[in-house]
Structures are given as C-alpha cells and as structure tokens.
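# Observations on the three-dimensional arrangement
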Number of protein chains: 2
Amino acid sequence: MYRSHTCGELRASNINSEVTLAGWVQRSRDKGFMIWVDLRDRYGITQLIFDEERTPRDIMDKAKQLGREFVIQIKGNVIERESKNSNMPTGDIEILVTGLTILNEALLPPFTIEDETDGGEDIRMKYRYLDIRRNPVKESLMFRHKVAMEVRNYLSKEGFVEVETPYLIKSTPEGARDFVVPSRMNEGQFYALPQSPQTFKQLLMVGGMDKYFQIVKCFRDEDLRADRQPEFTQIDCEMAFVEQEDILNAFEGMTRHLLKELKGVEVGAFPRMLYDDAMRLYGNDKPDIRFGMQFGELNEVAQNKDFKVFNTAALVVGIAIPGANSYTRKEIDKLIDWVKRPQVGALGMVYVRCNEDGSFKSSVDKFYDQDDLAKWAEVTGAKAGDLICVLSGETHKVRAQLSALRMEMAERLGLRKPGEFAPLWVIDFPLLEWDEDTERYHAMHHPFTSPKPGQIELLATNPGEVKANAYDLVLNGNEIGGGSIRIHDKETQALMFDYLGFTPEEAKAQFGFLMDAFQYGAPPHGGLAFGFDRLVAILGGQETIRDFIAFPKNNSGRDVMIDAPAPIDEEQLDELNLKLNLS
Amino acid sequence: MYRSHTCGELRASNINSEVTLAGWVQRSRDKGFMIWVDLRDRYGITQLIFDEERTPRDIMDKAKQLGREFVIQIKGNVIERESKNSNMPTGDIEILVTGLTILNEALLPPFTIEDETDGGEDIRMKYRYLDIRRNPVKESLMFRHKVAMEVRNYLSKEGFVEVETPYLIKSTPEGARDFVVPSRMNEGQFYALPQSPQTFKQLLMVGGMDKYFQIVKCFRDEDLRADRQPEFTQIDCEMAFVEQEDILNAFEGMTRHLLKELKGVEVGAFPRMLYDDAMRLYGNDKPDIRFGMQFGELNEVAQNKDFKVFNTAALVVGIAIPGANSYTRKEIDKLIDWVKRPQVGALGMVYVRCNEDGSFKSSVDKFYDQDDLAKWAEVTGAKAGDLICVLSGETHKVRAQLSALRMEMAERLGLRKPGEFAPLWVIDFPLLEWDEDTERYHAMHHPFTSPKPGQIELLATNPGEVKANAYDLVLNGNEIGGGSIRIHDKETQALMFDYLGFTPEEAKAQFGFLMDAFQYGAPPHGGLAFGFDRLVAILGGQETIRDFIAFPKNNSGRDVMIDAPAPIDEEQLDELNLKLNLS
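This structure is a prediction, so every number in the text was calculated from the model and none was measured. (Residues numbered from 1 in each chain as written. Chains lettered and ligands numbered in written order. Predicted model: local features only at pLDDT ≥ 70, side-chain atom pairs only at ≥ 80, totals over all residues. Heavy atoms only, no water.)

## Focus: the relation of the copies chain B and chain A
The condition is simple: Copy-to-copy alignment: least squares on C-alpha atoms, limited to residues at pLDDT 70 or above in both. For this analysis, residues touch if any pair of their heavy atoms sits within 4.5 Å.
Least-squares fitting of chain B to chain A yields an RMSD of 0.1 Å, with the transformation described by 0.0 Å of translation along the axis and a rotation of 180°. When the rotation and shift are considered jointly, the pair of chain copies conforms to a two-fold rotation axis. A high fraction, 100%, of the interface residues of chain B reappear at the interface in chain A, so the copies pair face to face through one surface.

Okay, here's the thing in structure tokens:
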C-alpha cells in the first residue's frame, strides 16, 4: 500500500503520528526557505510543508521541482498548523515531510483542476480523465453510485429481483431507430442493441418472476438533441398481478425513499393529475408544480369581440406573471421578442398590466374594456402587480408556447428552486398519438400498452380519444419515469398491432415470441422505467445530465476522448460480410 | 392488487382468514365430487380445494375446466388440511375456494413445469419464459441477484464506487474479436462493444477515482465453445496507489465474504501458488485443490532405461489415483482409451498397480523393476491400493493431458464436492505467451500488464521468461477472476506495444488517449475482473453457467426464443451506408 492514510482524514488527534500519503500536487507555494504543497486525492486535500531548517536539503530540492498534478508519495510527521484553516477538514494540521518520492510526473494540464475550471466543455471532454479529478464531476459520479445503491437496496428489500436481460437482441421497426450489430456467425444477419428491455421484462412476468427490476444501459440511434445520449441508463421495473394503483404506490414509495435518504426531504402523497388537465393547466405533460402560473383559458371571455386574432384562434390562453407589472415597456417588448423566437414560435403576445389601483392597461385596449380585462384577471388568477400574458392559435402549439413562457418566467423569477422537490403523477395518457410525417397513429408509449378498460372499441371510431393505463412520474418539470399496464392477452395485442398498421405477418415476425408467450398463461402485469441519468441529475440539483455520466458522448455521438467511432479494418468488414456504401 | 397473500406464505396461523390468491395452476386432481388444485407463484404452492358440498355449482364447473398453467385468481377461506404435508411450507392448510376468476388460459406447455422436466435443452431455450417458471431456473436467477447485491454492498462499504463506463467504444485489433456497431451519424465509422472496460477503468484511476468497480456486460465475438456466451458479465475492479498484495487482500476479503454470507462457509487465508508450480504440480493454471493427486515428475527415475518412449520425451509425469488398483484390466484399458480420445490427445498411458502387499505390477515391467517402480510411487505419493498413471511427451501437451485425466478421475471418485470451496491465488503469470498461428508473442493477460520489477530488460533477450504482476483467483478448478498491476508510465507502455508488434503509429491510433493520459499524472494502479456468470454458477454448486443467465444464447450465438440475430431492412442498411457482401 502506498499510503497509511488518505488526504482527507488527518485531524488534530493525529498530531505527532508518522504518516505516508500519496496523491496529486494540487498547488505549491515556494517561498524559498519554505515550500507548501497541497496534496490531493479522492478524499480531500492535506497541506505538506517543507522548510529549510527542518527538511533535508535533497528533499527540499526535489520539492522545488514539483509541478501541478505530479503524483507523489510522502512520508512525514503530522504537526499542528500555525494558521489553521477551518474551511478544510484537515485544516488543523499539516505534514512536515521527511521523505518524498515522485511516482509520476505530469505535463501541465490543459485546464485547471479546480471546482471552477478555466476549461471549456470540449477540452474537458477530450481530457475527461482530468475533468473527473475536479470535485464537481467526481462528486456527481459518487452521488450517482449512491443513488444506484439506494435504488437497488430499496427494491431488493421490497422483493424485486434484478435480472440481467440480453444486450444482443432483435431489431424492431417500431419506435426509435435501433443500433445494430452485424453477426459474423450468422451471415447477413444483425443483432440490435435494446432501446429498453421491454419485451424481456414482460416475458419475465410470463415466467413468473413477479417483481423485476434492472439498472440497465439502453440505446437509441437518434439525431441527438442537447442533453441526449445515444446510450443511457434506465431503472427498468415490472410487476405481475398488479393494477395501476399498485405500481404507482410501489414507485412512489421508492421515490419518496430516495428523496428522504439522499436529500433529507420528506414528501407527502404525490398528487395525481390527468394528462388532459396537465395539458389544459400547464400546456405540458410534465408540469413543474413547484410554482403556480396555471393557464387560464380565455376563449369565453376574449372571443366574439372585434379582435380578429382571438376570434379565429382555436385557443386563447394566458398566465399571470407575479409582480411583472413592474416591467418597463422595453422589457415587455423583449419578452414579446422572446416568445416570437423560432424555438418558441408564437406570432405575437397580448399583455395586460394589473395596476395596484385595480385598473388594467392592456395592449388591446382598443377591443377590451376594464370589465373584459377584469374577467381575464379572474380566469388567470392575476393579482394587482401581475402581468397577464396571452397567446392564441392552434391549441397544441399555443399550449407549448405558453408553457415555454411559463418555464422561462419561473426561471427568471427564481421559482425553480433546486432544493425543492415537487413530484407528480400524470395519468391517463392517450393510447395513440397522431404522427404528421407518416400520417398515421403511433403508440404514444409503446404497442404493449393496455387501453383503459372498455375503451378498446373506441379504437375503431375515435382512436385519438382512447386513453391508456399509462402514467408518467414527473419531478420538477422533468419526466423521470413512465410506464403502463400492459396488454397480456394475444387477441388484444393482435388488435393493437393491427391498429398500428402491422400486418399479421409483420407482427408475427417481430413479436411472435411475445404473442406465443401470451398463450401459455400470461399474468396481468405492468411496470415503468425511470431515466436514471436524469433522475440522478435532478436529485443532484441539476438539469443537465452530462456531469453525471463518466464518459459522455457529444452531440454527434462521438467520444472525443477515445476518438470513437472510428473506421475498422477491411478484414473485419470481410468477416462480417459487409461493404461500405459511402455516399 | 390481485392478491392478499402469495402462494408461499399461508400457515396454520392463517386458518379462518379470507384470502385472495393469484397464480398458475400447477396441477389439478378431479375426483368428481372434489377437486384439488395446486396454485403456484414465485413464492410457493398453495393447495386449493373445491368440493361439491361446500363450493357453489358454477365455481365447481369452472374449476373442472382449469388446465395446467392457467392463470387464475381465487377467493377463499383458509382451512386446516386433513392430511397435512410437512414437505411444503404451506402444507398445514388449504383454501376452500369461494370465488374463481380465470385471468388467462394457457395452451398445454411444451414441457412439464417441474423441477425435473421432460423438456430438452433446445425446447426449454425456445420457451425460456416457461423454463423460468421451473424452480431450479427461477432460484438460480434469484441467487444471481443475491450474489450481485452482496458484491455491491460489500465493495461499496469498502469505499469502492460503481462507475458506468460506455458500451459504444472503439475497436482494437488486440485480443479477441470485437462486436462492432456501425455509426449512422459518422459515415463509414464503427463503434465496438467492450470486451472489458479495461482502458476506461485505468482512465478512472488517472482521474483519481481510486477504488472502482462495476458489474458490467462485456462482449466477445468468438466462435463459441460450450458454456461460452457472446455477452457475459464481469465484476470489474480497479484500485490506485496499491501493490499486488493490496489487491489480493481486497478481493480475497470479498470472496471470503461471499462464501460466508451465501454458503455459510468460513475459509481461511487463501493459499497462493506460483504459476510455474501450478503447471508443474497440476499441469494447469487453475488447479482444483479440493483434492490431491499432485503430479510427480518422473524424468529422473524413469528415463535412461531401455524404454524409448520415455527416453525421448521432454516430460514423464504421473499421478496416483487413490484406490484405483481395484480397476480390472478392462477398466484400465477403457481409461487408456479415454486419454487417447482426440479431446485429450495422449498417445498412450503407462500404469503401475500398487498392490496391498507393497509390490508393484506395471504395464512396463519389461523395463522397470520393483525398485524403479517404488521410486515412481514415492515421487507420485502413491500408496498401496492406488493406481499410478503415467504420460509422457512434450511438456506443455503432456501436462494438459494428465490434468484432464486428473480432473476426470476426481469427478469419477466424487472428489469434486459441490459443497466444498477451495479458493487459490495463482500468481506470477508469464507476461507473454507464444502464439503458434501468428508466430509471435502475445500479451498473456493484456498489453497493459506490468512486468515484474527489474524484468523488463529480459524482454529483449528472453521474452518467454518474463513474469508479470499478474494473478488469477481460482475456485474449485475454475478461474473466477484475474488481473494485474498495470503499467502506469508512457515509456514502459510504449515499450510493451513495441514488443507486441505495434508500430508507434498503430499504438497511437489505438491507445493514444491512454498514453496521453499517462503523461498527466497517472498513479500506480492495478485491478482484476471476476467472471460473474461463472462465479455465480460455482457458488450455486454448478459448473454450467446457462441456468444462471435469464436469456442465454446457443452455441451459434442465437437467441432461439426471439430468433435473433435476424435480417434487417434495406432502408436500415442504407442509412448505415452499408451493403451486404454475402459469400
């Protein structure tokens, strides 16, 4: 062992002991007659001291050569510090060095290894092994481990069994694009990497495994949006002989446990909100309910006046922004510009100032009198001092636009507090959603989701109206988990595939094994999956997942550190019976 | 919830309660006026009773339709059984059924869902979801989960952090063949699936993570031998600022913990054996030391007589098989046939009977007298009643042959006891091994393994003699783990790549990021990896891993249940810029 102690553990009680430490040179200050070195390892920083009077000359000389990030081992005596540093756990002591070995030299790192580094995202990713030395990244990774341990121990105690499902599976055209893996031994054939272990966990239920979970890597070959990774981690769960209520309770319990153990936060029963209500009140199926600003639908009170824009809109909807009547005209103009950005896409915005004296001043005073505006205030819950912002247009689009504005204003007003946790179940999702590109309905969740009892007949006449036994767990405006009760009989599953445009032959080729399995005694079952990267990030008080992943890929799916993907040998391609077909 | 209790929990103390159970029909016995049904779930079996006098007619009728593996839900009252069954935990009670719902019907399963099934390997794999309902498979999977939990909790308590490393990495020509994954977004380029997280865990050490572990899937595209899987699971570990001794102690501790917690077996300090000694005494680098039969090298006492076969052999070596003097001539002939099978490959076998009266009778009495044979007995440790078996030939081959015979005889003699655990460290492995095909040295462990201190110069003159800081953990004749102290400086690593036949350009292209990392302050480090599938199987008292994997692949790398791999769409190939190049 290269050390008797770590760099984080020595205290005043260790004074006069002889110790051996090893670690990295964080910084060194050379006053000529005296040199101080901060020695760092995973556990902390300990100050080393070399001084002309007490340190042998050769060691003193060697200490002068130490550069940042050199790896060294030292022997020395723990002594009391003259000027103690109460900001560091080891701040009462320092080590008077009696022996120094340089274990490895280091080039000057391309960015500073400090909590606040001077390195940009790109350089930090290229040298991720140096980035990991920084406290914020190191602690994020250790926090991730802690969350995983809590999840596993909790679920295990609740009787769940972690079962490893295969990574080399079969490609299915439904859903996102698969990564595929050519098979050398089966010429012309490919495995696919799983987008989720969905069918396998259902088969485990058919196999009687009853309560399954797995923390597992999943893969999606999608064009990457910011903060999406081609490989990501799920907490994947499934239960048999349960109804939706049982699943919500089980995983509400787990989430509550995590909040308590990891954040010290006690949360009561999670509120539940219908998908339709979430869309109506927040314009969003994953509302952040840490703050209000619920939508007020204004069609009734704002239409049928002379304002054409509203009269022709499918939906007129507003929110009251607390205290924003203090905004200057210029600030409001900037806000209007903000909602008109292509990322938001509104054509314009109507606003109403709610003055302290109870009067209103709007951008549409020509069309609406004080009584009209008072009704708007009532519907949006605006109080004196607020600013009502109103958008109009096609229902789906205008809701998304106003939701973006609501989130932006909450951010600006500091209402999205990282230490506050507001979980929420959103339930009764639609079974299907219309896809503009392919002009057909797709499964909103996936094709194994069960429609609400008694609604399956609606599929023939009004498919968009059919609700599913599907639910999402939302935390602070982020979907952290989602799932459903599954279909567990062959007939319903065949019907679903039919509605989704599979021919019976396609259904059989893709999912024949599942439909076969349903014939041999499939129990009622359901489950959900948590996005583990996001869950960890949110519990860690952040919204970007990248620092919670040890070796993330960039937006082109590249690992810039190892420089992957990369070309492979002709020979490898030949063995796989493949040829490049470059454009 | 579909049930108030599981099928494994009701006892005499529950008599008179009303319960709801759900599960599968294991079997039903219809006596006309009375029907018994064994209801099974993950937790056990509970007997249901329907009887003409006490059960409503409609339920009675429905019960008569129940087939094997139907999924049902029942309500009923717990009553005392007339004839108790002390072999089952629920054997004191039965349920008088008052309500019966058929949740799902079932076709007759293609094999019996019993501990001893009538289904062969192939059919069980095709219907693996039914196979998992059988106790032996279900319990193996649950045992696997338990082992994983013990490993994680133990290592976590010891300060190890589980870090997820990426699955989409870069192909390297060294070692086994990679599975590759074409990148759609990076035309003509490929990811590779990791054969192990080797370089990433080393980078985590450079990153200061200090104590890392991960239970992780790894991939190797090899022609599959029996009991090998293209995807397999490792417990991957690495530590910084350690020497070999520290790593052996850390993972001896973990293994001892597993044996104690999972098997109730207390094991003392693990013996350590030099690789050279293991080869000399057992002909094998993973000796099963639950039993003796050590090799005796007979060159000195058997050569330079008139027996040409021995005189021209590089090695003459024998073992004493306890009590095997009782073998008839015919049995011995069969044994000789056994060692001459192509799988073993010996050209013949000399034997010596050790008679109870102290005399010897050998198959080479023409060349050796009683004094000669007494020396053979001494060297092989043979006692009266034993049979000495002697093979000769090229050292490496003859050792492998005699090792095979030793294991076979131990199996036949019942010396490989499943409940007995004999762990062993084999240390000081050679750094390189000669590869007949490519006619060059390959890294025996991998190219990052550090040679023993002071031996690196030997590489130039006598590479085969260089020993490494490399070690294997052997349990009952199986390698369950292996690892090494790594090179941690750029110069040595460059030298190693050079000796292994990499040009500097190749080394840079493949491992440039690692050699770069070594320049920025790499600490001394080392680690090991356990083969988790095998470890679980051995702890579970078995030698085949397949029942400890939920969804294994067959020897052609196929998942016969989901029928993967499979052809993919033209469109998918086009997107990946690939063409099939079928032979």
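## Re the interface of chain B and chain A
To keep it simple, the criterion reads: Throughout, buried area stands for the accessible area (probe radius 1.4 Å) lost by two parts on being put together, summed over both. A carboxyl oxygen of Asp or Glu within 4 Å of a side-chain nitrogen of Lys or Arg is what we treat as a salt bridge. Two N or O atoms form a polar contact when they lie within 3.5 Å of each other; inside protein one atom must be a possible hydrogen donor and the other a possible acceptor, and for residues adjacent in sequence the pair counts only when both atoms belong to side chains. Helical segments are the DSSP runs of H or I of at least four residues, strand segments are the runs of E of at least two, and each set is numbered from the N terminus.
If you look at the interface, chain B gives 126 residues, while chain A gives 126 residues. When chain B packs against chain A, close to 11200 Å² is buried across both sides, 60% of that on carbon and sulfur atoms. Inspection of the region where chain B meets chain A yields 12 salt bridges. One salt bridge in this structure joins Arg184 of chain A and Asp221 of chain B, with 3.1 Å as the shortest N-O distance. Here chain B and chain A share 70 residue pairs in polar contact (both at pLDDT 80 or more) between them. Considering every element that reaches the side of chain B that touches chain A, the biggest residue donor is helix 4 (residues 135-157) of chain B, with nine residues.

## Details of a negative patch on the surface
Cut-off, in case you're wondering: Only residues above 30% relative accessible area that lack a salt bridge enter a patch, with like-charged residues linked at up to 9 Å and the nonpolar side chains Val, Leu, Ile, Met, Phe, Trp and Tyr linked at up to 5 Å. Note on areas: these come from Shrake-Rupley sampling with a 1.4 Å probe, and a residue is covered only by the protein chains present in the view. The positive count covers Lys and Arg only, the negative count covers Asp and Glu only, and His and the chain ends enter neither. For this purpose, a charge sits on NZ of Lys, CZ of Arg, CG of Asp or CD of Glu.
A surface patch of like charges, here negative, comprises Glu394, Glu436, Asp437 and Glu439 of chain A. In this fold, Glu394 of chain A is placed in the loop between strand 16 (387-393) and helix 12 (395-412).

## Describing unusual backbone geometry
Ala564 of chain A connects to Pro565 of chain A through a cis peptide bond whose omega is 0°. Residue placement: Pro565 of chain A occurs in the loop between helix 16 (532-539) and helix 17 (570-575). Its identity as a non-glycine residue notwithstanding, Glu69 of chain B has a phi of 70°, on the positive side. Relative to the helices and strands, Glu69 of chain B resides in the loop between helix 1 (57-64) and strand 4 (71-80).

## Description of the domain arrangement of chain A
Rules: Domain delimitation in this document rests on an assignment produced automatically or drawn from a domain database.
The domains assigned to chain A are domain 1 (12-104), domain 2 (138-272 + 423-548) and domain 3 (291-412). Using only C-alpha atoms to locate each centre, domain 2 of chain A and domain 3 of chain A end up separated by 37 Å.

## Topic: the sheet that holds strand 6 (residues 161-162) of chain A
Residue and element names in this part refer to chain A. The condition is simple: Two strands pair if DSSP finds at least two bridges between them. Here, axes are lines fitted to C-alpha atoms. For helices the fit covers the stretch in contact, and angles between N-to-C directions go from 0 to 180 degrees.
Ordered by their spatial adjacency, eight strands build an open sheet running 6-9-10-22-21-20-17-11, and the pairing between neighbours is mixed. Edge positions in the open sheet fall to strand 6 and strand 11 (272-274), since each of these has one partner strand only. Strand direction decides the pairing type here: strand 11 and strand 17 (residues 423-427), joined by three bridges, are parallel. Looking at the pairing, Leu274 lines up with Ile427 of strand 17. Lying on the sheet, helix 7 (residues 275-282) is in contact with strand 11 and strand 17; it crosses strand 11 at an angle near 85°.

## Quick word on the UniProt feature "binding site: ATP" (unreviewed entry) in chain A
The test is simple: UniProt positions are given in the numbering used here, feature names are shortened, and annotations may be inferred rather than shown by experiment. Of the grid points, spaced at 1 Å and generated over the protein atoms alone, those admitting a 1.4 Å probe that cannot get out make up cavities, while open sets with protein on both sides within 12 Å along at least five of seven lines make up pockets; any residue with an atom within 4 Å of a point is treated as lining. A 1.4 Å probe rolled over the protein chains alone gives each residue an accessible area, and that area as a share of the maximum for its type sets the label: buried under 20%, exposed over 50%, partly exposed in between.
UniProt's feature table lists "binding site: ATP" (unreviewed entry) at Arg220, Asp221, Glu222, Gln229, Glu479, Gly531, Phe532, Asp533 and Arg534 of chain A, given in the numbering used throughout. When the annotated set is filtered for residues lining the largest cavity, what remains is Phe532 of chain A. For Glu222 of chain A, the position within the fold is in the loop between strand 9 (211-219) and strand 10 (231-240). The class of Glu222 of chain A is partly exposed, set by a relative accessible area of 28%. For Glu222 of chain A, the residues in contact, after removing those within four places along its chain, are Ala176 and Arg177 of chain A together with Arg184 and Met185 of chain B. In this structure the side chain of Glu222 of chain A is engaged in a polar contact, spanning 3.0 Å, whose partner is the backbone nitrogen of Arg177 of chain A.

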